[in-house]
Amino acid sequence: MKEEKKGFLANLEEYLMLIPLAIACVFTLLGFILQFINADTASVLNQYSYYAYTWIAALAFSYCAREGTHLSVNFVENKYPESIRNAWKLFNEIIGLIISIAIFIGSFMVISSAMGATGEEAVTLPLMITYFAPLVGFGLGTVRTVQHFIAERRTK
């Protein structure tokens, strides 16, 4: 059994995921109820719940990176000898780091171009908030991947 990490920063992803999870639950429920009263309002609330789910997905990457469980198929991985499993874990960590850095940089570029847009190209506030999800999630995922990589190397 894994040792439970204590402290706010050690479990930051879990705390951050609670906010969009609560928002998504409330907006989904309200959207379901309001679909019988006013379909337009229900569709707006459902759209906001989708934005919240985007935040959950982005932050989940960081959580998985912290736990060292991303990009891995344990069922297949456990069939190989220890040396191959260690090489596979190292490969997964490197690929995870590359992916998180690439999405972090890409989301930064999207946000910077969206902030400079005017007129018809201007982005609404809820969508702009959603654009920050990959920036935060994968930025934190990059930090957590590096932390996990260093922790794994120290234990060996």
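Everything below is about the structure shown above.
Here the structure is a predicted model, which means the values were calculated and not measured.

A.B. asks: Got a minute to help me understand the nonpolar core in this structure?
C.D. replies: The tendency in soluble globular proteins is for nonpolar side chains to be buried side by side. Counting residues in hydrophobic clusters, the biggest one holds eight residues: Met17, Trp55, Ile56, Ala58, Leu59, Phe61, Ala133 and Phe138. Among the secondary structure elements, those contributing two or more residues to this core are α2 (39-67) and α5 (125-155). Considering each element in turn, this core owes the most residues, five residues, to α2. The residues contacting Ile56, other than those within four sequence positions of it, are Met17, Pro20 and Leu21.

A.B. asks: Before we go on, may I ask you to explain the pattern of salt bridges in this structure?
C.D. replies: Opposite charge on two side chains permits them to pair, given that their charged atoms come into close proximity. All chains considered together, the criterion is met by six salt bridges. What emerges from the salt-bridge pattern is a single network uniting Glu13, Glu14, Arg66, Glu67 and Arg144.

A.B. asks: I'm lost on helix α4 (residues 82-115) in this one. Help?
C.D. replies: In an α-helix there are 3.6 residues to a turn, and that puts residues three or four apart on one side. In this model α4 runs 49 Å from its N-terminal to its C-terminal C-alpha over 34 residues, within 8% of the 50 Å that 1.5 Å per residue would give. Taken as a whole, α4 has its buried residues at Asn92, Glu93, Gly96, Ser100, Ser107, Ile111 and Ala114.

A.B. asks: Explain the packing of α4 against α5 here, please?
C.D. replies: A pair of packed helices can be characterised by two numbers: the angle between their axes and the separation between those axes. At a minimum axis separation of 8 Å, α4 and α5 run at an interaxial angle of 155°. In terms of orientation, α4 and α5 fall into the roughly antiparallel class. Taken as a pair, α4 and α5 cross one another with a handedness that is left-handed.

A.B. asks: Hey, could you run me through the environment of Leu125 in this one?
C.D. replies: Along the polypeptide, Leu125 turns up in helix α5. Each C-alpha atom of the pair Leu125 and Ser113 lies 14 Å from the other, and the pair is 12 residues apart in sequence.

A.B. asks: Help me understand the packing of helix α1 (residues 12-34) against α2, please; the structure alone is not making it clear to me.
C.D. replies: Where α1 meets α2, the closest approach of the two axes is 8 Å, and the angle between their N-to-C directions is 160°. When the axes of α1 and α2 are compared, the pair comes out roughly antiparallel. For the crossing formed where α1 meets α2, the hand is left-handed. Its residues assigned to classes, the contact of α1 with α2 shows 21 nonpolar, six polar and three charged.

A.B. asks: Where do I start with the environment of Met115 in this structure?
C.D. replies: On the secondary structure map, Met115 appears in helix α4. Distance in space between the C-alpha atoms of Met115 and Lys6 is 37 Å, their sequence separation being 109 residues. Filtering out sequence-adjacent residues up to four positions away, Met115 remains in contact with Met128 and Phe132.

Rules used throughout
Residues numbered from 1 in each chain as written. Predicted model: local features only at pLDDT ≥ 70, side-chain atom pairs only at ≥ 80, totals over all residues. Heavy atoms only, no water. Core = buried A, V, L, I, M, F, W, Y, C linked by side-chain atoms within 4.5 Å. Buried < 20%, exposed > 50% of the residue type's maximum accessible area, 1.4 Å probe, protein only. Helix = DSSP H or I, 4+ residues; strand = E, 2+ residues; numbered from the N terminus. Contact = heavy atoms within 4.5 Å. Salt bridge = Lys/Arg side-chain N within 4 Å of Asp/Glu carboxyl O. Expected span 1.5 Å × (residues − 1). Axes fitted to C-alpha atoms, helices over the stretch in contact; angles between N-to-C directions. Parallel < 35°, antiparallel > 145°, perpendicular 65-115°, else oblique. Left-handed = near helix turned anticlockwise from the far one by under 90°. Nonpolar A, V, L, I, M, F, W, Y, C, P; charged D, E, K, R; others polar.

Note that all results are geometric; they support no functional claim without further evidence.
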